[in-house]
Amino acid sequence: MSHSSAATAPNPALRHHFAEMEQQKNAASLGMWLFLVTEIMFFGGMFCAYLIYRLQHFNDFAAASQSLSIKLGATNTAVLITSSLTVVLAVHAARHGKRKLLVLYLLATIVLGCTFLGVKAVEYTDKFKEHHVPGPSFNFAPEYMQGHPEQSPVDMRHAEMFFSLYFVMTGMHALHMIIGVGLFSGLTWLAWKGRYTKDYYTPIEMAGLYWHFVDVVWIYLFPLLYLISRHR
Amino acid sequence: MSTTAIAVAEHENYLNKEYGIKSWLLTTDHKRIALLYLMSITFFFFIGGFFALLIRLELLTPAGDLVQADTYNKLFTMHGMVMVFFFLIPVVPATLGNFLVPMMIGAKDLAFPRINLLSWYLYMIGGVLIMHCMLTGGVDTGWTFYTPYSTAFTNTKIIEAGLAAFVAGFSSIFTGLNFIVTVHRMRAPGMTWSRLPLFIWSQYATSIIMILGTPVIAITIVLVAAERLFHLGIFDPKLGGDPLLFQHLFWFYSHPAVYIMILPSMGIISEIIPCFSRKRIFGYKFVALSSIGIAVLGFLVWAHHMFVAGMSVYAALVFSFLSFLVAIPSAIKIFNWTATMYKGSISYQTPMLYAFGFLGLFTIGGLTGLFLASLGIDVHVTDTYFVVAHFHYIMVGGVLMGYLGGMHFWWPKISGRMYPEGWGRLAALIVFIGFNLTFFPQFILGYLGMPRRYWDYSHMPEFQILNVLSTAGSTILGVGYLLPMVYFLWSMRYGKLAPDNPWNAAGLEWKTSSPPTTYNFDETPVVDFEAYDYEHIPDREVPGES
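The rules behind these values
- Residues numbered from 1 in each chain as written.
- Chains lettered and ligands numbered in written order.
- Predicted model: local features only at pLDDT ≥ 70, side-chain atom pairs only at ≥ 80, totals over all residues.
- Contact = placed C-beta atoms within 7 Å.
- Helix = DSSP H or I, 4+ residues; strand = E, 2+ residues; numbered from the N terminus.
- Nonpolar A, V, L, I, M, F, W, Y, C, P; charged D, E, K, R; others polar.
- Axes fitted to C-alpha atoms, helices over the stretch in contact; angles between N-to-C directions.
- Parallel < 35°, antiparallel > 145°, perpendicular 65-115°, else oblique.
- Left-handed = near helix turned anticlockwise from the far one by under 90°.
- Expected span 1.5 Å × (residues − 1).
- Buried ≥ 20, exposed ≤ 12 C-beta atoms within 10 Å, placed from the backbone.

Asker: Help me out: how do you make sense of the interface of chain B and chain A in this one?
Answerer: Interface size is commonly expressed as the accessible area that is lost once the parts come together. Each partner contributes to the interface: chain B provides 33 residues, whereas chain A provides 27 residues. Mapped by element, the contributors of at least two residues to the side of chain B that touches chain A are α7 (158-185), α8 (198-230) and α9 (243-277) of chain B. Sort the elements by how many residues they give to the side of chain B that touches chain A and α8(B) lands first, with 10 residues. Taken together, the residues of the side of chain B that touches chain A break down into 22 nonpolar, 7 polar and 4 charged.

Written out as structure tokens, the structure reads:
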């Protein structure tokens, strides 16, 4: 029925149940935003648990958080923010139909995502070596307390809880990063083959939204886990 | 021979357009996916029902003589898990909702047809996991997975059952997401928000709960699994955790989940009552917005499941007050449905009988909910059969009555055939009698003090008579549920061909053929009429009546 009204042939990417491309794109973007809402609720459960226990066992959580490396955490924050920039540039390139530039920025995003995961792996290894991984071999003896008997002692169980939540939260975040890298790998391949034009680049934009979301989660994780109450 | 002749005479529709297993398993047509869901959900309903019958059989005598105590724990756990996660939550949205949402708003399909199919596959993966879990030992924690029992003590298959609920949860997230986007972006020209059928409003409200609540149970399951697998101390008090946090997170989803179950059935009732009263719905806006009201308030009342769990009294007072507030939008619905029937020209077709059943049973279930929301009474009846009776009046008396009413109402549209009206009415009557006989005695049992989840009550043999009544009722109820399945299947082959609009009902889904074509409408409809415009629809003898 749209044949008579449409002057040009419909875009081959238009699916049968939509009347026009704009409707299809609006549906996709609303769907993606709603999906991100579910993601907020998913991470929300963990943030909620973390904040409650942090308030309940403030001293132990603050002590345990001292053992995280701000240097590595800050590096990763910078890497992720840069990757969000390359995603924006990729969407921009797609909008103007610049195929090679699009592929380039997508590849840059993948590299930055992998860098983040690599740094995270280094951090996890350090925690493992320091016996900060919850379980039978867990041990926590903060250096700054040695020779300072005035410091209130740290409850090992609660320090272990901090690390439990640290691993669950950053682990879930890393899982989302891995999914994101996989997503962008597929999109890069399709972009290289010329699937996306300036009239149809919705998947790039949607994957971009997802990537920004994962970035924002880290923007909250970093201060909550690494930064607050380090002033000792 | 005669049936083939009829089949040839039928127009091309979504059922006969393609044949073969592949055309079903790879379909993206929302109507076919609805039927896939219908078959699998019905299967799980009878599995869950089988467990229920075994539970009732065990309770026929005070002694624990039919099964072992462990087996009994597994029976009520698997009954709860299957019924909640694999029947009640998806039943109306995934079957009737899937079938009707695009049709009612004049769309060709849901916004994301492939995600819709994916949601069915996720449901099936969850289903296979739960079946495997069942057959290899099951779970004995109750469907609530309370910690630390679930994370530190039980040796049953918590992680597998949790994974099943996790995966099935994503199927309902995708269904909800699909519905919201479809309602926002796919409405036909002229289908304004104030013209939406109330079924759509209720599906919309349900979808909001699905996308906001389900992720929280997902992460809770992840945390339980992590605690069990890696001995992380999150909920286990021995490791420093707090079991109350688990209960908060669990009920933050699982209380709103009750509204995921009941709201769609309320939507069905809002469709049936105007049609069989031949009247416009009374107070359209109030009924529509009360669905949203229930969805919002539903998120603020979860801790009324925890009044005796060691919460502070002040918190309990607040949650008690908020729980009472849910009565307001629920009562708005009940009163407006009743007002719709007032001076209406009521006919007693099968869907309407179920609607009557819903009104009465939901009212009882809702009012006893107020008992439980008040702190004093709740302490007295917590963990007794009173609670069991209360939520079965909502879940079975409400959800199932609405679902069965809706199945009869839209069966002509789904299958293109009429079901046998006489049998339909008989089954509705049997369900109503069987239901009340099963669950009303449980109110009394609970009030007198019979605890739930007991397998042996030989120290209180005076409870036997009420338990016998309840067990007798459950067998009648079972017959009442088998009957519709039998005659629906029968009618697919031998039923009378259905006209496009057998009930002379309002709504876009009745303006297309029965069964509809693959794209629902030959031309995108233009809506220039209000919802439930029964004043302008001439009365006509409905076929079942003559």
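What follows continues from the structure just given.
Asker: What is the right way to read unusual backbone geometry from this model?
Answerer: Glycine aside, a negative phi is what most residues show, and trans is what most peptide bonds show. All names here are of chain B. For the peptide bond that leads from Thr147 to Pro148, omega is 0°, which places it in the cis range. Looking at where Pro148 falls in the secondary structure, it is placed in the loop between α5 (113-135) and α6 (149-153). Cis peptide bonds are those with omega within 30 degrees of zero, and the linkage from Ser514 to Pro515 qualifies with -15°. Inspection of the secondary structure assignment puts Pro515 in the segment after α17 (464-494). One non-glycine residue, Phe145, lies in the positive phi region at around 55°.

Asker: I tried to follow the packing of helix α1 (residues 21-56) of chain A against α8(B) on my own but got confused; where do I start?
Answerer: It is the contact of α1(A) with α8(B), at a shortest axis distance of 8 Å, that shows an interaxial angle of 40°. If you check the angle between α1(A) and α8(B), you find them oblique. Handedness of the crossing formed by α1(A) with α8(B): right-handed. For the pair α1(A) and α8(B), the contacting residues are Leu34(A), Val37(A), Thr38(A), Met41(A), Phe42(A), Gly44(A), Gly45(A) and Met46(A) in the first and Ile211(B), Leu212(B), Pro215(B), Val216(B), Ala218(B), Ile219(B) and Thr220(B) in the second.

Asker: Quick question: what am I supposed to make of helix α16 (residues 421-448) of chain B here?
Answerer: Residues lying three or four places apart along an α-helix face the same way, a consequence of the helix completing one turn every 3.6 residues. Relative to the 40 Å expected for 28 residues at 1.5 Å per residue, α16(B) spans 41 Å between its end C-alpha atoms, a close match to the ideal helical length. Positive backbone phi, at 115°, marks Gly449(B), one or two positions downstream of α16(B).

Asker: I tried to follow helix α4 (residues 99-129) of chain A on my own but got confused; where do I start?
Answerer: All names here are of chain A. Helix length check: α4, at 31 residues, gives a terminal C-alpha distance of 45 Å against a target of 45 Å (1.5 Å per residue), a fit within 8%. Buried residues of α4: Leu102, Val103, Tyr105, Leu106, Thr109, Ile110, Leu112, Gly113 and Phe116, and no others. On its buried side, α4 packs onto α3 (70-95) and α5 (156-192). Immediately beyond the C-terminal end of α4, within one or two residues, lies His131, with a positive phi of roughly 60°.

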